[in-house]
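# Descriptive structure summary
Given next are the chains, with one letter for each unit.
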Amino acid sequence: MPETPALQIRGLSKTFTGQRALIDLDLELQPGEIRALVGQNGCGKSTMIKVLAGYHDPDPGAEVFVDGEPLALGVAGAGDHAGLRFVHQDLGLVPTLDALDNLAMGHGYERNRLGLISWRREARLTRKTLRDLGYDIDVRQPTGHLVISERTAIALARALSPRSTPPRVLVLDEPTANLPAAEIERLFGVVRSVRDRGVSVLFVSHHIDEVFTLCDNVTVLRDGRHIITRPVEGLDEDALIALMIGRKLEQFDMPESASETHGETVLQVRGLRTGVLQGVDLELQAGEVIGIAGITGSGREEIALALFGGVPRQGEVRVAGKLVQPYRPDKAVSAGLGLVPAERHANAAFMESTLRENVSIVSPQDFLRRGLLNRRRETSVVRSWLEKLRVKPPEPERLLATLSGGNQQKVMLARWMRQKPAVLVLDEPTQGVDVGAKADIHTLVEEAAAEGAAVLVVSTDHGELTRLAERVLVLRGGRFADELRRPHIDPDRITAATIGAGQGAAA
Amino acid sequence: MNADRDSSRAERREESAGIAGDAIMTSSPDLESQPSAAEAANPVVEADRGVSGLEPHAGEGRKRRRINLGMDRFSGLYVWAALIILFSFWVPDTFPTSDNAKIIAGDQAITAMLALGIIIPLAAGVFDLSFAGVLGVSVAIVGYLQSNGWNVWLSAAAAIAAGAFIGCANGFIVVQLRVNSFIATLGMSSLLVAAEFWITDGKQITEFNSTFLDLGTKPILGIPLPFYVMIVLAIIIYIIIEYLPIGRYLYASGGNAQAARLAGVRVNNVVFGSLVASAFTAGVTGVVLAARIGTASPEIGPSYLLPAFSAVFLGSTQIKPGRVNVIGTLVAVYLLATGVKGLQLAGAPSYINDLFNGAALIIAVALAARSARRA
């Protein structure tokens, strides 16, 4: 008779209009266990965590027990009360507040007899909590000023603080994504000590090696289903990857395709550095489509912005032989670069402006006639682009906010395709885009390349890279660690290469 | 008239009487309706939105063809007309006269010029609270220099140059020192009040050049010159905002600064320039005001702050709802002035001015925000 599981999930399904993200999932976590939860992008990990956190309502019929007690589902905070604690990928700290306030948000402040906050006692308590985890942090410094490892520690401390009930289950969602190696070791030490206190840990990670270093058991999800739960012992990386992608990595031995002919080199990058990126070289020819893949924290998120000058960089970027000034998107535009950035809402969209204004913003001067903007010409040019990209509806005077996500993304694409850039950089071009629009966008990218643009696609969607790219460069730890070429490109090989396993895939 | 507005607007039109339209305040409800970053990262959720997001437009082809009374965009014009009719019946002897119309036109020129000036930074998403201070300093400089024997043109040029210089200082503080524009220009306002006292030595200056005073007070076709200066200024700013690329850059910077930057817009330069433009305009306005009143005293300035802002915000519910804009602002200025003047002629006490301005602003923007939510 096993003891009561710390966490028990039964029959958990979640359907998003027509698409099943989780299918009849069962999962049991024993007290004092460190369990890895792994799977490809879109396998349902995030959905499961969001259900546990009360952010998503599951389909009817699901049951979750924490320590044998049923958990109210779809209620934010219910899990917290039951001892189910989370460290989310973004940590969820308020950057303008210090460690003390961030911790107090979870459990309330220490009060004195008058009911006022006792800052001294609160500071002492916070310092002690952090020291118990092995971190010595200035508790009055806004967390936004702290380094990532310190912020991770604070988020962890908050998750572990006693509050009404002691923590029973700790869910860590990609906690190591942005940590340097030494800090990862330290974090693992903390996680083990937490486990030794009887807390169960659910560890979500893309890093296969971490699963082997840290975890006792591993659960694999694929396409929303539970595939297997077993001890880590007796597994090796290849076997685990095979479980994740559903088959063994096959080694195609097809002949090299005759090298396709391209135009001249239009983009040359030497020693590009910024944030995680540590000296990246890259060359792109006219008419070529190259993909860039990498897990979170590999530098994949930064490379497009760094190239375009959206963030400061070191190293050389040349377009058609001419050096482009760093950190100056306007210079990048005039040099012939175009960027459709990731996260449209923050980085590209003018939601309260018309489609016309959204499309023409890069160079409204194209529509000047006798010194004034000619709106009729602008409207007709914009309309023809909207029609070409099959934006629905193709009405230039409509506000961008009234369009669906996929159509908004096409408008962003129209903005840059109108410029006919020599180099078009697409960062997650179909993120949050429905299937139909996605296919349209892929077609448009191919058309742009056929018309002579050099296209760089940065994406976490490995199917997309397989569809579009002739070469896929794989970032690991801020460097290009692998290069896949057609015909040796497929989603599984890219996945394997990004997590640094299955070296055979490098072909 | 613009017949192709979307169906949601058509429905809103029927439900709303009186002042309505989108507002500058609509940003908060809209933010809620946008998918969060977490959701956007989840293609499943987004795809779901994509489908439902299309539906509201499906039936639009049929629905849209209703007679467009433009309640959403021209409600201010209707209210203005209603006010004119109302007061023409209420105070038939004094209100509906050409003299009264000329008085209203002339009196409001200063407020209108200031309001036009701050449209530019507001479009770019930054505040300029210091324009009233610039106005006061400009008046003081003109008065001081003329009382020391400077000629009309040199004194005016010096005052306008001072305005532009203050704008550069604002721009430097906001762009280079990265101080929030609200705080930067609030601090600057205080500095400018001090400067005004320093220039005038705390006293009234009345020794103006008489040619200069003639320019400000002699009517042309019955309306004082400041009105014409205001019209010229309005045309210039209208062209800049609507017909030059810089206008696009202004609204883009104000709408989403990060997106503007990544579209190659030099947001810092746009912000800097917008602050210079509003201070420059306030400097010009100060010269006009000096010519009109013939007195420089340290109290001039602050009283113009609220009316100008009210007019711009009220104006942003008109003509181009959700955006600060030139025509809307002019409609707002004269709508408010007409209401106030009518009430004064009908015997209302003097505080009616502030009462009416404040109430009209809150009601108009609240109605606009409400109809935007319903849309």
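Residues numbered from 1 in each chain as written. Chains lettered and ligands numbered in written order. Predicted model: local features only at pLDDT ≥ 70, side-chain atom pairs only at ≥ 80, totals over all residues.

## A few points about the overall build of chain A
Scanning chain A from terminus to terminus reveals 17 helices and 22 strands. Relative to a compact globule of 507 residues, whose C-alpha radius of gyration would be 23 Å, chain A shows 25 Å and is just as compact. When its C-alpha atoms are laid out on the principal axes, chain A stretches across 75 × 65 × 45 Å. The 507 residues of chain A split such that 49% are buried. Contacts in chain A between residues far apart in sequence, at least 24 positions, make up 66% of those at least 6 positions apart. (Helix = DSSP H or I, 4+ residues; strand = E, 2+ residues; numbered from the N terminus. Rg over C-alpha atoms; globule rule 2.2 N^0.38 Å. Buried ≥ 20, exposed ≤ 12 C-beta atoms within 10 Å, placed from the backbone. Contact = placed C-beta atoms within 7 Å.)

## Observations regarding the overall build of chain B
Looking only at helices and strands, chain B has 19 helices and two strands in total. A burial count over chain B gives 50% of its 375 residues as buried.

## Digging into the environment of B:Ile120
Residues and elements named next belong to chain B. Within the secondary structure layout, Ile 120 lies in helix H8 (residues 109–123). Looking at Ile 120, the number of C-beta atoms within 10 Å reads 26, which means it is buried. It is 8.3 Å that separates the C-alpha atoms of Ile 120 and Ile 237, two residues lying 117 residues apart in sequence. Once you skip the residues sitting within four places of it in the chain, Ile 120 turns out to touch Ile 237, Leu 250, Ser 274, Ala 277 and Ser 278.

## Examining the packing of helix H14 (residues 245–255) of chain B against helix H16 (residues 267–293) of chain B
Each pair of packed helices can be described by the angle between their axes along with the distance between the axes. Residue and element names in this part refer to chain B. The geometry of H14 relative to H16 is characterised by a closest axis approach of 10 Å and an angle of 105° between their N-to-C directions. When the axes of H14 and H16 are compared, the pair comes out roughly perpendicular. Within the contact between the two elements, H14 uses Tyr 249, Leu 250 and Ser 253 and H16 uses Val 267, Val 270, Val 271 and Ser 274. Across the contact of H14 with H16, the residue classes break down as five nonpolar, two polar and no charged. (Axes fitted to C-alpha atoms, helices over the stretch in contact; angles between N-to-C directions. Parallel < 35°, antiparallel > 145°, perpendicular 65-115°, else oblique. Nonpolar A, V, L, I, M, F, W, Y, C, P; charged D, E, K, R; others polar.)

## Details of the nonpolar core
In this structure, A:Val423, A:Val455 and B:Ile119 are the most contacted members of the largest nonpolar core, which totals 244 residues. At 16 residues, the largest contribution of residues to this core is made by H16(B). A:Val455 has contacts with A:Val289, A:Leu424, A:Leu426, A:Val445, A:Ala448 and A:Ala449, leaving out every residue within four places of it along the chain. (Core = buried A, V, L, I, M, F, W, Y, C linked by C-beta atoms within 7 Å.)

## Concerning the sheet that holds strand S2 (residues 19–29) of chain A
Residue and element names in this part refer to chain A. The strand order across the open sheet formed by four strands is S2-S1-S4-S5, and the pairing between neighbours is antiparallel. Of all the strands in the sheet, just S2 and strand S5 (69–70) have a single pairing partner and so form its edges. Running over the sheet, helix H1 (residues 45–52) touches strand S1 (7–16), S2 and strand S4 (63–66) and is turned about 65° from S2. (Pairing = 2+ DSSP bridges.)

## What about the sheet that holds strand S12 (residues 277–285) of chain A?
Residue and element names in this part refer to chain A. Taken together, four strands build an open sheet; the order of strands is S12-S11-S14-S15 and the sheet is antiparallel. Only two strands of the sheet have a single neighbouring strand rather than two, namely S12 and strand S15 (322–323). As paired elements, strand S14 (residues 314–319) and S15 share two bridges and run antiparallel to each other. Across the sheet, Arg 318 pairs through a bridge with Leu 323, a residue of S15.

## Topic: the environment of B:Leu215
All names here are of chain B. Position of Leu 215 relative to the elements: it lies in helix H12 (residues 210–217). Counting along the chain gives 46 residues from Leu 215 to Arg 261, while the straight-line C-alpha distance between them is 45 Å. Leave out the neighbours within four places in its chain, and Leu 215 touches Leu 225 and Ala 291.

## Remarks on unusual backbone geometry
Where the residue is not glycine, phi is negative for most of them; where a peptide bond is considered, it is trans in most cases. Residue and element names in this part refer to chain A. Between Lys 392 and the following residue, Pro 393, the backbone shows a cis peptide bond with an omega angle of -5°. Position of Pro 393 relative to the elements: it lies in the loop between helix H13 (375–388) and helix H14 (405–417). That bond from Arg 486 to Pro 487 is cis: its omega, 5°, falls within 30 degrees of zero. Checked against the element boundaries, Pro 487 lands in the loop between strand S22 (479–485) and helix H17 (491–498). The backbone of Tyr 327 shows a phi angle near 55°, a positive value even though the residue is not glycine. Tracing the backbone shows Tyr 327 in the loop between S15 and helix H10 (329–335).

## Describing the domain arrangement of chain A
Annotation of chain A at the domain level lists domain 1 (7–245) and domain 2 (265–506). The C-alpha-based centres of domain 1 of chain A and domain 2 of chain A are spaced at 34 Å. (Domains from an automatic or database assignment.)

## Looking at the confidence of the model for chain B
All names here are of chain B. Of the residues in chain B, 79% have a pLDDT of 70 or more, and the chain-wide mean is 81. Summarising per-element confidence for chain B, the mean pLDDT is lowest in helix H4 (residues 43–58) (36) and highest in helix H10 (residues 152–176) (97). With pLDDT under 50 throughout, residues 1–67 is counted as low confidence; its partners more than four residues away or in other chains account for 118 contacts. Model confidence for the complex is summarised by a pTM of 0.76, with the ipTM given as 0.78. (pLDDT = per-residue confidence, 0-100.)

## What to know about H14(A)
In this model, H14(A) (13 residues) spans 18 Å end to end at C-alpha, consistent with the 18 Å of a helix rising 1.5 Å per residue. Most of H14(A) is tucked away: 13 of the 13 residues are buried. (Expected span 1.5 Å × (residues − 1).)

## Some remarks on the packing of H8(B) against H16(B)
Residues and elements named next belong to chain B. Running from N to C, H8 and H16 cross one another at 170°; their axes reach a closest spacing of 7 Å. When the axis of H8 is compared with that of H16, the two are roughly antiparallel. Between H8 and H16, the contacting residues are Ile 110, Met 113, Leu 114, Leu 116, Gly 117, Ile 118, Ile 120 and Pro 121 on the first element and Ser 274, Leu 275, Ala 277, Ser 278, Thr 281, Ala 282, Thr 285, Val 288 and Leu 289 on the second. Partitioned by chemical class, the residues of the contact of H8 with H16 number twelve nonpolar, five polar and no charged.

## Describing the environment of A:Ala449
Residues and elements named next belong to chain A. Mapped onto the secondary structure, Ala 449 falls in helix H15 (residues 435–450). In the structure, Ala 449 is positioned 163 residues away from Ala 286 in sequence and 7.5 Å away in space, judged by C-alpha atoms. Residues contacting Ala 449, with those up to four places away along its chain left out, are Gly 287, Glu 288, Val 289 and Val 455.

## Side note on H10(B)
Between its terminal C-alpha atoms H10(B) stretches 36 Å, which fits the 36 Å expected from 25 residues at 1.5 Å a residue. Directly beyond the C-terminal end of H10(B), a positive phi value near 55° is found at B:Arg178.

## Brief notes about the confidence of the model for chain A
Should the pLDDT be low somewhere, the predicted coordinates at that spot are not to be read in detail. Residue and element names in this part refer to chain A. Here chain A averages 87 in pLDDT, and 93% of its residues register 70 or above. Taken as a whole, residues 251–259 scores under 50 in pLDDT and shows six contacts with residues more than four places along the chain or in a different chain. Across residues 502–507, confidence stays below pLDDT 50; counting only partners more than four residues off in sequence or on other chains, it has 14 contacts.

## Quick notes on the pairing of strand S13 (residues 289–294) of chain A
Residues in a regular strand project their side chains so that they alternate between the two faces of the sheet. All names here are of chain A. The element S13 is extensively covered by neighbouring structure, given that six of its six residues are classed as buried. With four bridges connecting them, S13 and strand S20 (residues 454–458) associate as parallel partners. Considered in S20, the bridge of Gly 291 is made with Val 457. With five bridges connecting them, S13 and strand S21 (residues 471–476) associate as parallel partners. What sits directly across from Gly 294, in S21, is Leu 475.

## Quick notes on the pairing of S14(A)
All names here are of chain A. One ladder, built from five bridges, connects strand S11 (residues 265–274) with S14; its direction is antiparallel. The partner of Arg 273 across the bridge, within S14, is Gln 314. Where S14 folds back onto S15 in an antiparallel hairpin, the turn is made up of two residues, including Ala 320, whose phi is positive at roughly 50°.

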